[in-house]
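Chain residues, written in single-letter form:
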Amino acid sequence: MNKYLIIGASIAAASAIEAIRKNDKEGSITVIGKEPYAPYCRPLISYALLGKTTFEKMPYRDASFYKKMKAKLILGKEATSIDKAKKQVILDDGTRLPYDKLLVSTGSRPFVPPMEGLDKVEKKFSFMTIDDAKSLEKELDPEAKVLVVGAGLIGLKCCEGILAKVKSIDVVDLAPRILPSILDDKAAARVQDYLEGKGIRFFLKDSVASFTKKTATLKSGTKLTFDLLVLAVGVRPNTALVADIGGTVNRGIVTDDCCKTSIEDIYAAGDCTTSHDITSDSDKILALFPNANMQGEVAGNQMSGGTLRYDHAIAANAIGFFGLHIITAGSYIGDQLDLSTKDGYKVLFTKDDHLVGMILIGDTVLRAGIYTNLIRKQIPLSSLDFEQIAQQPRLMAFAKKDRVSMLGEKR
Amino acid sequence: MKRVYVEEDWCLACHLCEYWCAFSNSGKDNMVAALKNKTIKPMIQVEEGDKINFAVSCRHCEDPICVKSCISGALSIEDGVIKIDKSKCVDCYTCIMACPYGVLMPNEDEGIMQKCELCTPRGTAPYCAAHCPNQAIIYEER
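Right, let's walk through the structure included here. The structure presented is a predicted model; accordingly, all values stated were derived computationally and were not measured.

The next subject is the overall build of chain A. When you go through chain A residue by residue, the secondary structure sums to eleven helices and 27 strands. The C-alpha radius of gyration computed for chain A amounts to 23 Å, which stays within 12% of the reference 22 Å derived for 411 residues, consistent with globular compactness. Expressed along its principal axes, the backbone C-alpha trace of chain A runs to roughly 60 × 60 × 35 Å. Going through the 411 residues of chain A one by one, you find that 56% of them count as buried.

Attention now moves to the environment of Ile96 of chain B. As for its position among the elements, Ile96 of chain B is in helix 4 (residues 94-98). Between the alpha carbons of Ile96 of chain B and Ser69 of chain B there is a distance of 9.7 Å; along the sequence they are 27 residues apart. Contact partners of Ile96 of chain B, with chain neighbours within four places excluded, come to Ile327, Val365, Leu366, Arg367, Ala368 and Gly369 of chain A together with Leu104, Pro106 and Met113 of chain B.

So, about the sheet that holds strand 15 (residues 223-225) of chain A. All names here are of chain A. Read from one edge to the other, the open sheet built from three strands follows the order 13-14-15, with strand pairing classed as antiparallel. Looking along the sheet, the strands with just one partner apiece sit at the ends: strand 13 (208-211) and strand 15. Strand-to-strand twist across the sheet, computed as the mean angle between neighbouring axes with direction ignored, equals 25°.

A separate point is the pattern of salt bridges. A full pass over the atoms with the stated rule returns 28 salt bridges over all chains. Among the ionic pairs, Lys214 of chain A bridges to Asp227 of chain A, the shortest N-O distance being 3.3 Å. Residue Lys214 of chain A is located in the loop between strand 13 and strand 14 (215-218), and its partner Asp227 of chain A is located in the loop between strand 15 and strand 16 (228-231); the two are separated by 13 residues in the primary sequence. The class of Asp227 of chain A is partly exposed, set by a relative accessible area of 23%. Of the charged contacts in the structure, one is a salt bridge between Arg367 of chain A and Glu47 of chain B, with a shortest N-O distance of 2.7 Å.

With that settled, consider the side chain of Arg61 of chain A. All names here are of chain A. Among the structural elements, Arg61 can be located in the loop between helix 2 (45-50) and helix 3 (63-68). Among the residues examined, Arg61 registers a relative accessible area of 18% and is labelled buried. Not counting residues within four places of it along the chain, the set of residues in contact with Arg61 comprises Glu18, Pro39 and Tyr66.

Another aspect to go through is helix 9 (residues 369-376) of chain A. Every α-helical turn comprises 3.6 residues, leaving residues that sit three or four positions apart pointing alike. Residues and elements named next belong to chain A. The buried fraction of helix 9 amounts to eight of the eight residues, a majority that puts the element mostly inside the structure. Those residues of helix 9 lying buried are Gly369, Ile370, Tyr371, Thr372, Asn373, Leu374, Ile375 and Arg376. Count one or two residues on from helix 9 and you reach Gln378, which has phi positive near 50°.

For the rest of this paragraph, the subject is the pairing of strand 12 (residues 201-204) of chain A. Residue and element names in this part refer to chain A. Here strand 11 (residues 168-173) runs beside strand 12; their pairing, made up of four bridges, is parallel. When the sheet's bridge partners are listed, Val171 is paired in strand 12 with Phe202. Chirality of the crossover, the property in question, places the unit of strand 11, helix 6 (residues 185-197) and strand 12 among those that are right-handed.

With that out of the way, let us pick up the layout of surface pockets. Computed from the structure, the second largest pocket encloses a volume of approximately 900 Å³. Glu18, Arg61 and Phe65 of chain A together with Ser76 and Ile77 of chain B are the residues nearest the centre of the second largest pocket, which is lined by 31 residues in total. Among the secondary structure elements, those contributing two or more residues to the lining of the second largest pocket are helix 1 (11-23), helix 3 and helix 8 (289-303) of chain A together with helix 3 (65-69), strand 4 (75-78) and strand 5 (81-84) of chain B. Residues belonging to the lining of the second largest pocket are distributed by class as follows: eleven nonpolar, seven polar and 13 charged.

All names here are of chain B. Turning to its location among the elements, Ile44 is positioned in the loop between helix 2 (31-35) and strand 2 (45-48). Separated by 25 residues in sequence, Ile44 and Tyr19 place their C-alpha atoms 9.2 Å apart. Beyond its immediate chain neighbours, meaning those up to four positions away, Ile44 contacts Cys17, Glu18, Cys21, Ala55, Val56, Ser57, Cys128 and Ile137.

All names here are of chain A. Leu136, Leu156, Ile169, Ile178 and Val191 are the most contacted members of the largest nonpolar core, which has 155 residues in total. If you tally residues by element for this core, the top one is helix 1, at seven residues. Contact partners of Ile169, with chain neighbours within four places excluded, come to Val146, Val148, Cys159, Ile162, Leu163, Gly199, Ile200 and Arg201. Counting 20 residues, the second-largest nonpolar core is a separate cluster that includes Ile82, Val242, Ile245 and Ile266.

Moving on: the sheet that holds strand 23 (residues 316-321) of chain A. Residue and element names in this part refer to chain A. Read from one edge to the other, the open sheet built from five strands follows the order 23-24-27-26-25, with strand pairing classed as antiparallel. Strands with a single pairing partner mark the edges of an open sheet, and in this sheet they are strand 23 and strand 25 (335-338). Averaged over all neighbouring strand pairs, the angle between strand axes comes to 15°, with direction disregarded. Relative to strand 24 (residues 324-330), strand 23 is paired through six bridges, and the arrangement is antiparallel. Residue pairing across strands places Ala318 opposite Ile327, the latter belonging to strand 24. Those strands touched by helix 6 are strand 23, strand 24, strand 25, strand 26 (344-351) and strand 27 (354-362), and its axis lies near 160° from that of strand 26.

Rules behind the numbers
Residues numbered from 1 in each chain as written. Chains lettered and ligands numbered in written order. Predicted model: local features only at pLDDT ≥ 70, side-chain atom pairs only at ≥ 80, totals over all residues. Heavy atoms only, no water. Helix = DSSP H or I, 4+ residues; strand = E, 2+ residues; numbered from the N terminus. Rg over C-alpha atoms; globule rule 2.2 N^0.38 Å. Buried < 20%, exposed > 50% of the residue type's maximum accessible area, 1.4 Å probe, protein only. Contact = heavy atoms within 4.5 Å. Pairing = 2+ DSSP bridges. Axes fitted to C-alpha atoms, helices over the stretch in contact; angles between N-to-C directions. Salt bridge = Lys/Arg side-chain N within 4 Å of Asp/Glu carboxyl O. Right-handed = clockwise from strand over helix to strand, strands pointing away. 1 Å grid on protein atoms, 1.4 Å probe; cavity = no way out; pocket = protein on both sides within 12 Å on 5 of 7 lines; lining within 4 Å. Points joined across faces, edges and corners; volume = space filled by probe spheres on them. Nonpolar A, V, L, I, M, F, W, Y, C, P; charged D, E, K, R; others polar. Core = buried A, V, L, I, M, F, W, Y, C linked by side-chain atoms within 4.5 Å.

Below you can see the structure in the form of structure tokens.
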């Protein structure tokens with residue numbers, strides 16, 4: 001009987017469990033989670049503060065799922081090392097758990113650069129976990145001034161979640177634009193304008209030089225006062241368990257398209273890994289929910305003898321702020337086609353007869369998956385009416401045989 | 001499993017499927033009460049071209065990327081049908097980003113996504129197929 005062990009109670013863990021059980025009904029499955037919660041939908045924490053969901057609704061699968069899958073959850077315990085010779089994982093309480101196949105899905109952790117005086121700030125928060133969100137929620141107050149360091153996805157989703165419950169929000173970022181990981185300058189300016197209209201103030205190309213208990217002095221000399229500080233500078237992948245035993249790590253844990261690490265019988269999935277991005281033909285960290293889910297599935301399938309591959313990875317992201325939706329995918333390389341209108345922003349990126357990237361903001365996001373599919377499947381643009389589909393994502397633009405296949409055959 | 005399939009050579013772009021879909025999902029037992037003076041929000045939509053038209057609705061994929069992408073766990077597969085738990089949906093649009101057919105639609109009134117869940121009891125034709133006057137929408141096993 002195979003012993004499957006999963007470190008990290010994440011979305012990748014949940015999909016790995018499902019995939020393992022499709023192939024192996026008997027093997028034992030054990031999941032170790034550092035947080036005291038079963039796998040939950042991490043991106044939902046801002047929606048819980050916003051009131052769009054609740055902490056109770058956040059588990060990715062209900063409790064009966066783990067029972068049905070005969071998966072044992074060990075929660076509130078951290079794996080501290082892997083003994084690859086004995087094929088055991090050692091927990092922080094000294095327990096040794098044996099494995100035949102191990103999945104490392106340890107995610108990432110907030111990165112906080114050294115900042116002078118940060119230790120003097122009493123009310124400071126990260127924004128990664130349910131507990132982070134709960135402790136921030138306790139301090140929300142209509143009179144509270146909030147300073148957010150970091151204008152990325154995490155920082156700005158936090159802003160959306162709390163804006164209505166606080167007095168003001170200032171955001172500082174070293175980058176020259178907001179959402180630097182998903183937007184270019186032009187798109188970022190548009191979203192920034194919208195967020196400023198909601199009352200958020202931005203201090204870009206700037207950083208905190210020093211803190212006192214309730215003030216931040218920026219490099220530019222600007223002084224900001226605050227009651228609550230949110231640190232959302234960035235994240236770092238949790239790679240130590242694999243790196244410590246000689247596994248290949250290049251920023252993230254390096255895996256092949258079977259989600260296997262360089263060490264025998266050890267697999268990795270999710271935000272702790274690098275993926276091969278097909279649009280730029282390069283390995284990078286694609287720390288995105290759908291990717292973690294697909295990697296978990298492939299890892300679980302491979303661990304239990306399957307042949308699935310994780311070989312169509314792209315960056316693809318949907319995010320919204322106060323009703324303004326943004327969908328982006330791929331790489332911003334090649335030729336740019338700007339099809340923006342007054343209702344929405346749309347820039348498509350093409351290279352060598354392929355759509356390789358897109359940035360859509362506003363009404364142009366509808367049916368965006370038709371574009372995402374062109375990117376992910378690397379469909380030659382010469383095989384369809386690109387002029388038509390660039391204007392509007394429609395299946396009409398495909399050749400008849402492809403339409404018939406899409407709408408008339410089992411998918 | 002029986003699914004909805006489209007024969008584009010037969011579609012007249014009459015849009016009746018959209019009205020029957022809206023009626024079927026209205027919870028009302030009378031079409032007039034359900035649709036009169038309302039902007040319908042159907043889960044099937046007709047694409048119209050110069051010569052060709054066809055209706056597009058959820059394909060109920062066997063390996064659905066929308067379900068894998070859903071950040072809230074609102075989308076799931078039940079007996080082959082892709083369902084949406086509206087109480088879990090947070091309207092993040094990740095499914096819109098993912099679906100290759102463009103069939104998940106935001107319902108602005110409710111602030112959540114909507115999609116075809118094959119409205120009628122299993123095995124019987126959904127309203128769009130049952131009421132298509134030209135058999136351009138077919139519900140069968142393929």
